[in-house]
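The chain contents come next:
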Amino acid sequence: MKTTTRRLTAAAAVVAALLWTGLGTAPASADSIGFDITIPNLALSPFPSPYAHVDVDRTSATTATITFTGFATGGFTYFFGAVNAVDVNVNAATFTVGAPSVATLDPPDSGNVSAFGTFNVTLDNSDGFNDRFSTVNFGLTNTSGAWASASDVLHANSDGFRAAAHIFVTAVTCEEACVTGFAGDGGLNPVPEPATLLLVASSLLGLGFTGRKRLFRARPESDTR
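Quantities reported herein were computed from a predicted structural model and do not represent experimental measurements. (Residues numbered from 1 in each chain as written. Predicted model: local features only at pLDDT ≥ 70, side-chain atom pairs only at ≥ 80, totals over all residues. Heavy atoms only, no water.)

Caption draft 1: Spotlight on the confidence of the model for the protein. Taken over all residues, the pLDDT of the protein has a mean of 81, while the share at 70 or more is 69%. Scored below 50 in pLDDT, residues 14–29 makes 18 contacts in the model with residues more than four places away or belonging to other chains. Across residues 188–198, where pLDDT falls below 50, the model places 24 contacts with residues more than four positions away in sequence or in other chains. (pLDDT = per-residue confidence, 0-100. Contact = heavy atoms within 4.5 Å.)

Written as structure tokens, this is what we have:
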């Protein structure tokens, strides 16, 4: 019993220390998940994935921020641009889209994106390669209900995709874009919240202290035998 309790308490202490070291002194309050854009269309298929990352930050029950970030993979740097530059499928009957952080993007629309189906938010860029960008964020407001968590903000369209992007492939060997193509997400993989991880560590510590308390209560009985 002593050995088990000590091991549990030590493990919890290590987890807590690692969390505080890696996450900083204050846990993030936002409810966030992230996933990669990994599935290429035919034009993009010769180039290695992942192509981009999407963060979904639920800032309240009815608001969220979506952020697209291009990756550098296998010697290629990926940018966004042109028609259907970034696209998402919002899980709401009615909603509004805030102004994107990239000024050259047109007002939001909806429509089909390459082989990835129809999205209810598509953002077109005003020009081609000259207006390419590596990151963008924009806000969403749910006007027909509420999102219980960040994973509720987006949902898969009829083709199974939550997000897509028009990718410009660049490299030192290419004068402008080596090629352009489209890519979609390969599935939504929630990233654990720092606050959730800390809750787990606290639970482990609680179990350890409870075990020690029970051990101390039991000790007088053992001593009398």
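Caption draft 2: Structural detail: the state of the cysteines. For the structure on display, the rule yields one disulfide. Sulfur-sulfur distance for the disulfide between cysteine 174 and cysteine 178 comes to 1.9 Å. One quick way to see it: the torsion about the S-S bond of cysteine 174 and cysteine 178 is about 105 degrees, and its sign makes the bridge right-handed. On the accessibility criterion, cysteine 178 (26% relative accessible area) is partly exposed. (Disulfide = S-S within 2.5 Å. Buried < 20%, exposed > 50% of the residue type's maximum accessible area, 1.4 Å probe, protein only.)

Caption draft 3: Representation of the pattern of salt bridges within the structure. Under the criterion given, the structure shown has two salt bridges. The partner of arginine 58 in a salt bridge is aspartate 31, and the shortest N-O contact between them spans 3.0 Å. One end of the pair, arginine 58, is in strand 2 (residues 52–58); the other, aspartate 31, is in strand 1 (residues 31–40), and 27 residues separate them in sequence. The burial state of arginine 58 is the same as that of aspartate 31; both residues are buried. Across the salt bridge formed by arginine 162 and aspartate 185, the nearest N and O atoms sit 3.9 Å from each other. Of this pair, arginine 162 sits in the loop between strand 10 (135–142) and strand 11 (163–170) while aspartate 185 sits in strand 12 (residues 179–185), and the two are 23 residues apart along the sequence. (Salt bridge = Lys/Arg side-chain N within 4 Å of Asp/Glu carboxyl O. Helix = DSSP H or I, 4+ residues; strand = E, 2+ residues; numbered from the N terminus.)

Caption draft 4: How the structure looks around the packing of aromatic side chains. Tallying each qualifying case throughout the model produces six aromatic pairs. When the centroid spacing of 6.0 Å and the interplanar angle of 90 degrees are considered together, the rings of phenylalanine 68 and phenylalanine 80 count as edge-to-face. Of the two residues, phenylalanine 68 sits in strand 3 (residues 63–70) while phenylalanine 80 sits in strand 5 (residues 76–80), which places them twelve residues apart along the sequence. Across this residue pair, the class does not change: phenylalanine 68 and phenylalanine 80 are buried. (Phe/Tyr/Trp six-rings, centres within 6.5 Å; stacked < 30°, edge-to-face > 60°.)

Caption draft 5: The arrangement of the nonpolar core in detail. In this structure, Val56, Ile66, Phe68, Val88, Leu154 and Ile167 are the most contacted members of the largest nonpolar core, which totals 36 residues. At the level of elements, strand 1, strand 2, strand 3, strand 5, strand 6 (86–88), strand 9 (118–123), strand 10 and strand 11 are the ones that each hand at least two residues to this core. Ranked by the residues each element gives to this core, the list is headed by strand 11, at four residues. Residues in contact with isoleucine 66, not counting those within four places in the same chain, are Val54, Asp55, Val56, Val88, Val136, Asn137, Phe138, Leu140, Val153 and Leu154. Core analysis: the next-biggest nonpolar cluster, separate from the first, contains six residues, Phe116, Phe119, Ala164 and Phe182 among them. (Core = buried A, V, L, I, M, F, W, Y, C linked by side-chain atoms within 4.5 Å.)

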